[in-house]
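# Summary of the model geometry
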Amino acid sequence: MASLVTEIPAASAADAAAHFARKLSFETDCWDVHESLKSGTPDFVLLDVRGPAAFARGHVPGALNLPHGKITERRMMEWPEGTLFVVYCAGPHCNGADRAALRLARIGRPVKLMIGGVTGWIDEDFELESGI
């Protein structure tokens, strides 16, 4: 008798490789962002898309505060075309980063979501900075 895990067969290795490669084109994680920021020359712009009060209480060092509702084509013209934006919000219980990613994609900007958000950052034992 098959278990709940195996009652639906696993995808083929080729299908799994395509799926996970595609998934990674949409997201990154806190560890990879942290390591990239440590280099001192990240090749992306990190956006904290929560409100200013939440940002001031604690955010990822190096992040810019741009609430998802304020992401507009005009505002994003501050960065060159092709700039990759990595967005995050409070954590898995918040869809602000998804909303920001959707806005950025709709105006033609490359975007990845930092899965876990602030919650994930803290779970990795990385420090937040406070203030604006």
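Here's what I pulled together on the structure shown here. (Residues numbered from 1 in each chain as written. Predicted model: local features only at pLDDT ≥ 70, side-chain atom pairs only at ≥ 80, totals over all residues. Heavy atoms only, no water.)

## Let's talk about the nonpolar core
Judged by nonpolar contacts, the single largest core of 16 residues is most densely connected at Leu47, Val49, Ile71, Met76, Phe85, Val87 and Leu104. Top element by residues in this core is helix α5 (residues 96-106). It accounts for four residues. Those residues in contact with Leu47 that sit more than four places away from it in its chain are Leu64, Leu66, Met76, Phe85, Val86, Val87, Tyr88 and Leu104. Of all hydrophobic cores here, the second largest spans 13 residues; its members include Cys30, Phe44, Val86 and Tyr88. (Core = buried A, V, L, I, M, F, W, Y, C linked by side-chain atoms within 4.5 Å. Buried < 20%, exposed > 50% of the residue type's maximum accessible area, 1.4 Å probe, protein only. Helix = DSSP H or I, 4+ residues; strand = E, 2+ residues; numbered from the N terminus. Contact = heavy atoms within 4.5 Å.)

## A word on the pairing of strand β2 (residues 45-48)
Burial along β2 is two-sided: the face carrying Val45 and Leu47 and the face carrying Leu46 and Asp48 are both buried. For β2 and strand β4 (residues 85-88), the ladder comprises four bridges, and the chain directions are parallel. In the sheet register, Asp48 faces β4, and the bridge partner there is Tyr88. Since β2 and strand β3 (residues 64-65) lie parallel, the crossover through helix α3 (residues 52-57) that links them has a hand, and here it is right-handed. (Pairing = 2+ DSSP bridges. Right-handed = clockwise from strand over helix to strand, strands pointing away.)

## Details of the layout of surface pockets
Considering only enclosed or pocket space, the largest pocket measures out at about 180 Å³ in volume. Every residue along the wall of the largest pocket is listed here: Leu24, Glu27, Thr28, Asp29, Asp32, Val33, Ser36, Phe44, Leu84, Val86, Lys112 and Ile115. Contributing elements (two or more residues each) for the lining of the largest pocket: β1 (27-29), α2 (30-38) and β5 (111-115). (1 Å grid on protein atoms, 1.4 Å probe; cavity = no way out; pocket = protein on both sides within 12 Å on 5 of 7 lines; lining within 4 Å. Points joined across faces, edges and corners; volume = space filled by probe spheres on them.)

## Let's talk about the pattern of salt bridges
Evaluation of the coordinates by the stated rule reveals four salt bridges. The salt bridge partner of Glu35 is Lys38, with a shortest N-O separation of 3.4 Å. Residue Glu35 and its partner Lys38 are located together in helix α2, separated by three residues, close to a single helical turn. Between Glu81 and Arg109 there is a salt bridge whose closest N-O contact spans 4.0 Å. Taken together, the residues span a long stretch of sequence, with Glu81 in the loop between α4 (73-76) and β4 and Arg109 in the loop between α5 and β5 at a distance of 28 residues. A residue is classified by how much of its surface remains accessible, and Glu81, at 66% relative accessible area, is exposed. (Salt bridge = Lys/Arg side-chain N within 4 Å of Asp/Glu carboxyl O.)

## Some remarks on a negative patch on the surface
Where like charges cluster on the molecular surface, the negative patch consists of Asp29, Asp32, Asp123, Glu124, Asp125 and Glu127. With respect to the secondary-structure elements, Asp123 resides in helix α6 (residues 117-123). (Patch = residues over 30% accessible without salt bridge, like charges linked within 9 Å, V, L, I, M, F, W, Y side chains within 5 Å. Areas by Shrake-Rupley, 256 points an atom, 1.4 Å probe, with all protein chains shown as cover. Lys, Arg positive; Asp, Glu negative; His and termini not counted. Charge placed at Lys NZ, Arg CZ, Asp CG, Glu CD.)

## What about the pairing of β5?
Pairing of β1 with β5, which is carried by three bridges, proceeds in the parallel orientation. Bridge pairing links Glu27 to Leu113 in β5. For β4 and β5, the ladder comprises three bridges, and the chain directions are parallel. Bridge assignment links Phe85 to a residue of β5, and that residue is Val111. After leaving β4, the chain enters α5 and then returns to the sheet as β5, a path that is right-handed.

## Brief notes about unusual backbone geometry
The residue Asp125 is not glycine, and still its phi comes out positive at about 65°. Note on Asp125: relative accessible area 67%, which makes it exposed.

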